[in-house]
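# Tertiary structure, described
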Amino acid sequence: MRPINETDKALYRRLYCDERVMRHIGTPLTQAQADRAFQTALTQMKQALGSTQPDSQYMNWTIVELQSQRAIGIQGLTWQGDNRHQAEIGIMLTPEANGKLYPEEAMGALMEYAYLRLEVKRIQAHFAARNLATERFVKKLGFIFETEGFSAMDSVVDDTRQMKSCFADPQHYKSQK
């Protein structure tokens, strides 16, 4: 993985405007919306990389397939408020990258980076309950599904999208090496 840069605009647009990619995330963006979101993400990442104490709300990385050097997805961390010890993680892959164990490797590397370099103590993930592929790989990475005060099927984003929520911390994390 590498920090997103100007060359990733087409990838960003492709992911966020694709109905298949967005089916478990939300309504696909228009190209103009994706371009604005990309510029914001790029600005946030440049701010974060240019500071020893990043105060950006999120950071994004491009996932690059080692053999082909082709960009196959993006992943990121998002912080809410001033608590820099807790972040939410997310990942999006191109359809042709699905089913190849890339999420475990890429997200595992981002988790290690977050724990070791960014001093994150807890990483949360939220995803559509019907997204079984995501559920499988977060379990492999050691995420714990929240049950106390939260049923995995209780959080509803809209009438049709039920969400699951889980977390990981350094003691639960399972390296994919």
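Residues numbered from 1 in each chain as written. Predicted model: local features only at pLDDT ≥ 70, side-chain atom pairs only at ≥ 80, totals over all residues. Heavy atoms only, no water.

Assigned secondary structure in the chain consists of five helices and eight strands. Starting at the N terminus and ending at the C terminus, the chain contains elements arranged as β-α-α-α-β-β-β-α-β-α-β-β-β. Accessible surface computed for the chain: about 10000 Å², of which carbon and sulfur atoms make up 49%. (Helix = DSSP H or I, 4+ residues; strand = E, 2+ residues; numbered from the N terminus. Areas by Shrake-Rupley, 256 points an atom, 1.4 Å probe, with all protein chains shown as cover.)

Let us look at the pairing of strand β4 (residues 86-93). For strand β3 (residues 71-78) and β4, the ladder comprises six bridges, and the chain directions are antiparallel. Bridged to Gln-75 within β4 is Ile-91. Relative to strand β5 (residues 122-128), β4 is paired through three bridges, and the arrangement is parallel. Counterpart to Ala-87 in the pairing with β5 is Ile-123. (Pairing = 2+ DSSP bridges.)

Our focus in this paragraph is the environment of Asp-169. Assignment of secondary structure puts Asp-169 in the segment after β8 (162-168). On the basis of relative accessibility, which here comes to 14%, the residue Asp-169 falls in the buried class. The spatial distance from the C-alpha of Asp-169 to the C-alpha of Ile-144 is 9.1 Å, given a sequence separation of 25 residues. (Buried < 20%, exposed > 50% of the residue type's maximum accessible area, 1.4 Å probe, protein only.)

Attention now goes to the nonpolar core. The biggest cluster of nonpolar side chains holds 39 residues, and the ones touching the most others in it are Ile-74, Leu-77, Ile-89, Met-111, Ile-123 and Phe-143. Not counting chain neighbours up to four residues away, the residues in contact with Leu-77 comprise Gln-57, Tyr-58, Met-59, Trp-61, Ala-87, Glu-88, Ile-89, Leu-110, Ala-114 and Leu-118. In terms of nonpolar packing, the next biggest core, distinct from the first, is built from six residues, Ile-72, Ala-97, Tyr-102 and Ala-106 among them. (Core = buried A, V, L, I, M, F, W, Y, C linked by side-chain atoms within 4.5 Å. Contact = heavy atoms within 4.5 Å.)

Let's shift gears to the side chain of Gln-124. As for its placement among the helices and strands, Gln-124 is situated in strand β5. Here Gln-86 takes part through its side chain, which lies 3.3 Å from a polar atom of the side chain of Gln-124. Beyond its immediate stretch of four places on either side in the chain, Gln-124 contacts Gln-86, Ala-87, Glu-88, Ile-89, Phe-143, Glu-146, Cys-166 and Phe-167. (Polar contact = N/O pair within 3.5 Å; in protein donor to acceptor, adjacent residues only side chain to side chain.)

Looking now at the packing of aromatic side chains. Geometry of an aromatic ring pair is reported as the spacing of the ring centres plus the angle between the planes. Scanning all chains against the criterion turns up four aromatic pairs. Through a chain of ring-to-ring contacts, the aromatic side chains of Tyr-12, Tyr-16 and Phe-38 assemble into a single cluster. Sitting above the plane of the Trp-79 ring, Arg-84 keeps its charged end 4.1 Å from the centroid. When the ring centre of Phe-145 is taken as origin, the NZ or CZ atom of Lys-139, which lies over that ring, is 5.6 Å away. (Phe/Tyr/Trp six-rings, centres within 6.5 Å; stacked < 30°, edge-to-face > 60°. Lys NZ or Arg CZ within 6 Å of the ring centre and 35° of its normal.)

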